[in-house]
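Breakdown of the fold
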Amino acid sequence: MGRTHLAFGAVAGGHLAASIPALGLPIMAAALLGSILPDLDSPYSKLGRRFWPVSKLVFSIFGHRGGTHSLLFTGLVMAPVWAVSPPVALALGAGIITHLAADAISFGQGPRFGWRGAGVPLLWPLTEAKTGLRLVKVNGPLENLVILPWMALFAVQSGWDLI
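Anyway, here's the lowdown on the structure attached to this text. (Residues numbered from 1 in each chain as written. Predicted model: local features only at pLDDT ≥ 70, side-chain atom pairs only at ≥ 80, totals over all residues. Heavy atoms only, no water.)

Section: a positive patch on the surface
Applied cut-off: Patches here: salt-bridge-free residues with over 30% relative accessible area, like charges joined within 9 Å, nonpolar side chains (Val, Leu, Ile, Met, Phe, Trp, Tyr) joined within 5 Å. Shrake-Rupley sampling with a 1.4 Å probe provides the accessible areas, and residues are treated as covered by the protein chains on show and by no other component. Here, a salt bridge means any Lys or Arg side-chain nitrogen found within 4 Å of an Asp or Glu carboxyl oxygen. Asp and Glu count as negative and Lys and Arg as positive, but His and the ends of the chain are not part of the count. Every charge is mapped to an atom, namely NZ of Lys, CZ of Arg, CG of Asp or CD of Glu. Each helix corresponds to a stretch of at least 4 residues labelled H or I by DSSP, and each strand to a stretch of at least 2 residues labelled E; elements are numbered beginning at the N terminus. Partly exposed describes any residue whose relative accessible area lies between the buried limit of under 20% and the exposed limit of over 50%, with all areas from a 1.4 Å probe on protein chains only and scaled to the type maximum.
A grouping of Arg3, Lys46, Arg49 and Arg50 is seen on the molecular surface, where their side chains present a positively charged patch. Considering the arrangement of structural elements, one finds Arg50 in helix α3 (residues 46-50). Among the residues examined, Arg50 registers a relative accessible area of 61% and is labelled exposed.

Section: the packing of aromatic side chains
What counts here: Here is the rule: rings of Phe, Tyr and Trp (six-membered ring for Trp) pair when centre to centre is within 6.5 Å. Planes less than 30 degrees apart are stacked, more than 60 are edge-to-face, and the remainder are tilted. Two limits define a charge over a ring: the Lys NZ or Arg CZ must be within 6 Å of the ring centre, and within 35 degrees of the ring normal.
All told, the structure shown has 1 aromatic pair when counted by the stated rule. Note on Phe62 and Trp124: the rings are 5.3 Å apart at their centroids and 80° apart in plane angle, and the pair reads as edge-to-face. Of the two residues, Phe62 sits in helix α4 (residues 52-62) while Trp124 sits in the loop between β1 (106-107) and β2 (136-137), which places them 62 residues apart along the sequence. According to the relative accessible area criterion, Phe62 is partly exposed, its value standing at 25%. For Trp124, a relative accessible area of 21% corresponds to the partly exposed category. Residue placement shows Arg134 over the ring face of Phe107; its charged tip is 4.2 Å from the ring centre.

Concerning the packing of helix α1 (residues 2-19) against helix α6 (residues 86-104)
Helix-helix packing: each pair is described by the crossing angle between the helix axes and the interaxial distance. To keep things clear, this is the line we draw: Axes here mean lines fitted to C-alpha atoms, for a helix over just the part in contact, with angles spanning 0 to 180 degrees between N-to-C directions. A clockwise turn of the near helix away from the far one marks a right-handed crossing, whereas an anticlockwise turn of less than a right angle marks a left-handed crossing. Contacts are assigned to residue pairs that have any heavy atoms within 4.5 Å of one another. Under the scheme applied here, ten amino acids are nonpolar (Ala, Val, Leu, Ile, Met, Phe, Trp, Tyr, Cys and Pro), four are charged (Asp, Glu, Lys and Arg), and all others, including Gly, are polar.
α6 packs onto α1 with a crossing angle of 145° between their chain directions and a minimal axis gap of 9 Å. Once α1 is placed against α6, the crossing between them reads as right-handed. The segment α1 lies against α6, with His5, Phe8, Gly9, Ala12 and Leu16 engaging Leu90, Ala91, Ala94, Thr98, His99, Ala102 and Asp103. Residues of the contact of α1 with α6, tallied by class, amount to 7 nonpolar, 4 polar and 1 charged.

Some details on the packing of helix α2 (residues 24-36) against α6
The test is simple: Roughly parallel refers to an angle under 35 degrees, roughly antiparallel to one over 145, roughly perpendicular to one between 65 and 115, and oblique to any angle outside these ranges.
The contact between α2 and α6 brings their axes to 7 Å, and the two run at 30°. One element, α2, and the other, α6, form an angle in the roughly parallel class. The handedness of the crossing between α2 and α6 comes out as right-handed. For the pair formed by α2 and α6, the contact residues are Pro26, Ile27, Ala30, Ala31, Leu33, Gly34, Ser35 and Ile36 on the first element and Pro87, Val88, Ala91, Leu92, Gly95, Ile96, Thr98 and His99 on the second. Split by residue class, the contact of α2 with α6 holds 11 nonpolar, 5 polar and no charged.

Examining the environment of Gly34
Note on placement: Gly34 falls in helix α2. Gly34 sits 12 residues away from Lys46 along the chain, and the two C-alpha atoms are 13 Å apart. With residues up to four places along the chain from it excluded, the contact list for Gly34 reads Leu92, Gly95, Ile96 and His99.

Remarks on the pattern of salt bridges
Pairing is possible between side chains that carry opposite charge, provided their charged atoms lie close to one another. In total, this model carries 1 salt bridge according to the counting rule given. Residues Arg65 and Asp103 are paired through a salt bridge, measuring 3.3 Å at the closest nitrogen-oxygen approach. In this pair, Arg65 is assigned in the loop between α4 and α5 (71-84) and Asp103 in helix α6, connecting sequence segments 38 residues apart. There is no split in this pair, since Arg65 and Asp103 are both buried.

With respect to unusual backbone geometry
Here the amide bond leading from Trp124 into Pro125 is cis, since omega sits at 10°, within 30 degrees of zero. Summarising the element assignment, Pro125 is placed in the loop between β1 and β2. A positive phi is found at Arg65, a non-glycine position, where the angle reads about 60°. The buried category is assigned to Arg65, whose relative accessible area is 2%. Located in the positive-phi region is Asn139, a residue other than glycine, with phi close to 60°. Note on placement: Asn139 falls in the loop between β2 and α7 (141-162). Accessibility expressed as a relative area gives 38% for Asn139, which makes it partly exposed.

The following block contains the structure:
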């Protein structure tokens, strides 16, 4: 689902960058980073493979789709960036929120999902209850043949508007 997360982040980043073209590149970079950052909790993810020791530690503490898939995590990641650049912090948060939204409607199987299955614990640590619907199988035909291509087209359109 990494490509789909990046496509959603590109759409969010493109729209936000259009509002402040002078910060277009940092806004787009922040939205793209935010779109994959919650999966730092999975050593199997694009980000997790690149930062394997950190990812393995986070996975051992929270599991996949645990604390890094919450609103608290979103706020904690945004806060230090907000002190430097509020628009970039908003883009980072928007990228994370697109990730949480996509994971809230998707489900997977296998060791990287474990007992956490589908949905996201938005209100963690208050509760580990998951919010979401089992609509899209991770790397299934709906994601790969419908959602990913449409998000990629929207991302290209958003970027084209910036030129």
